[in-house]
Every structure is written in C-alpha cells, then in structure tokens.
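Topology and contacts: notes
What follows is each chain in one-letter form.
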Amino acid sequence: MTERTASRRRLRRLAAAAALLPAALLAGFIAFVATVPGEPPAAPPAPPGAGIVVLTGGAGRVAEGLRLLAAEPTSRLLVSGVHQTATLAELERAEGIPLTALAGRITLGRRAASTRGNAEEAAQWARERRLDTLVVVTAGYHMPRALLMLRRALPEARLIAHPVTPAPFREPRWWLRPGVLRLAAGEYVKLLGALVGLAPADPGVS
C-alpha cells in the first residue's frame, strides 16, 4: 500500500466519522430527554445520618431539602450555592418554613458558583463531617451532571438521587415546547462538556 493510498483511506475514515457525529449527538440527546423525569415517584426519606445536599438554582429544591431534613432528625443539610450575604432568616422567609428547630443542622454554602463548585463544596463539607451517604437534591434534568461531578469530587461516598421536577417539565410533551427544549439542550451540551472534562474550575471553592 502506497502512502497516498493510506492517506486517502484515513481521510475517508475521518469523513465517515464526521458524518456520523451529528447522528450520534442527536441519538444521545434523545436518550438524555428520555431520562428526564416528569413527576418523579414518591422518594424515600433520607437514610439516618445522611447528608442532604441541595444544589440551588431552581424552584422547589430548597423546600424539598428542608422537608427531608425535618423528616430525619439525624441528617444534616448543605444548601450549596446561596448568595454571599444570604442568611437563615432570609431562607426562612423565602421558603415559608420555620427553621428554628433545624438551624443547627443547616449549612449555607456560599462559595460555589457552578455545578463543579457545588460538587467541590459538597465534598469538603461531607469529609469534614465524615458523611459517607449524600442525598442529592436538584432538578431532574440537572441530576446526571450533578452526580457526575459529585462522583469525581467524592468517589468514596454513596450518592442517592432525589430529583425535583420544575413545573415546565411536568407539562405533557414538554419536549415540544421550544423554551423547555432549549433548556434541556443546553443542559445536554453542558453534560457532554463535563463528560470530557471541559467543566471550568470554580474559583469560589478552595
């Protein structure tokens, strides 16, 4: 085989791979959409002694984390990604849930500004408290990337997914709604980036 023939074969293979890439990405996106829960089934309570990690950024997440915390008196809660100046009093007002009895078990994580930052903040928090089980509370469409980041940051922990479904994703055939589909597509792109290690470092977490 001449060098020219070998080069042509390599070019043909590259062209074939390039042609297949869009189809592979589309198939992956369809599979991703299929995993996004509508109304998730009733989830069990947090295991005794577990850490509950809420990744802020969407409605219903903090309230669900607080509900889990109240139901299991030996658990602890990290709300990761709150504003730098946020206080428990402000959280109480925002969620409309009395926190006096729970305050000693709640940590407000103020350093994370991304999903990677959430994972690094949660890993540090869990190790400091020797927690080996974490219940992860975030939106269902965000859960795959959140778990991926947490497994990398805290591989020794058992992670329990506890998805919250935002209102737009509860609508019948939500994938036919352009705005919701764009949100899912954006998350899919971020997930692909995280899979190949393109998630940027979060300067807010040491």
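Residues numbered from 1 in each chain as written. Predicted model: local features only at pLDDT ≥ 70, side-chain atom pairs only at ≥ 80, totals over all residues. Heavy atoms only, no water.

Considering helix α2 (residues 61-71)
- Of the residues making up α2, those classed as buried are Arg-61, Val-62, Glu-64, Gly-65, Leu-66, Leu-68 and Leu-69.
- Against the buried residues of α2 lie β1 (51-55), β2 (76-80), α3 (88-95), β3 (106-109), β4 (133-139) and β5 (158-164). (Buried < 20%, exposed > 50% of the residue type's maximum accessible area, 1.4 Å probe, protein only. Helix = DSSP H or I, 4+ residues; strand = E, 2+ residues; numbered from the N terminus. Contact = heavy atoms within 4.5 Å.)

A word on the confidence of the model for the chain
- Of the residues in the chain, 84% reach a pLDDT of 70 or more, and the chain-wide mean stands at 84.
- Predicted confidence in the chain is weakest over helix α1 (residues 3-35), with a mean pLDDT of 66, and strongest over β1, with 97. (pLDDT = per-residue confidence, 0-100.)

Notes on the layout of surface pockets
- Taken as a whole, the second largest pocket spans an internal volume of roughly 160 Å³.
- With four residues, the single largest contributor to the lining of the second largest pocket is helix α7 (residues 178-195).
- Among the residues making up the lining of the second largest pocket, the classes are represented as two nonpolar, four polar and four charged. (1 Å grid on protein atoms, 1.4 Å probe; cavity = no way out; pocket = protein on both sides within 12 Å on 5 of 7 lines; lining within 4 Å. Points joined across faces, edges and corners; volume = space filled by probe spheres on them. Nonpolar A, V, L, I, M, F, W, Y, C, P; charged D, E, K, R; others polar.)

Quick word on the sheet that holds β3
- Read from one edge of the open sheet, five strands run β3-β2-β1-β4-β5, paired in parallel fashion. The outermost strands of the open sheet, each flanked by one partner alone, are β3 and β5. Within this sheet the neighbouring strands show an average axis-to-axis angle of 20 degrees, counted without direction.
- Sheet contacts for helix α4 (residues 115-128): β1, β2, β3 and β4; angle to β2, the most-contacted strand, approximately 150 degrees. (Pairing = 2+ DSSP bridges. Axes fitted to C-alpha atoms, helices over the stretch in contact; angles between N-to-C directions.)

Here we look at α7
- Here α7 is 18 residues long and its end C-alpha atoms lie 25 Å apart, about the 26 Å a rise of 1.5 Å per residue gives.
- Val-180, Ala-184, Glu-187, Tyr-188, Leu-191, Gly-193 and Ala-194 are the residues of α7 that are buried.
- Positive backbone phi, approximately 80 degrees, marks Gly-197, located one or two places after α7. (Expected span 1.5 Å × (residues − 1).)

Points about the side chain of Glu-72
- By the secondary structure assignment, Glu-72 is in the loop between α2 and β2.
- This buried residue, Glu-72, is left without a salt bridge; Arg-105 holds the nearest opposite charge, at 6.4 Å.
- A polar contact of 2.5 Å, which involves the side chain of Glu-72, links it to the side chain of Thr-74.
- In this view, Glu-72 contacts Ala-46, Pro-47, Pro-48, Gly-49 and Arg-105; residues no more than four positions away in its chain are not counted. (Lys, Arg positive; Asp, Glu negative; His and termini not counted. Salt bridge = Lys/Arg side-chain N within 4 Å of Asp/Glu carboxyl O. Polar contact = N/O pair within 3.5 Å; in protein donor to acceptor, adjacent residues only side chain to side chain.)

So, the pairing of β1
- The buried fraction of β1 is high, at five of five residues.
- Bridging between β1 and β2 involves five bridges; their strand directions are parallel. In the sheet register, Leu-55 faces β2, and the bridge partner there is Ser-80.
- This β-α-β element, β1 to α2 to β2, shows right-handed connectivity.
- The pairing of β1 with β4 spans four bridges and is classified as parallel. Looking across to β4, one finds that Val-54 is bridged to Val-137. (Right-handed = clockwise from strand over helix to strand, strands pointing away.)

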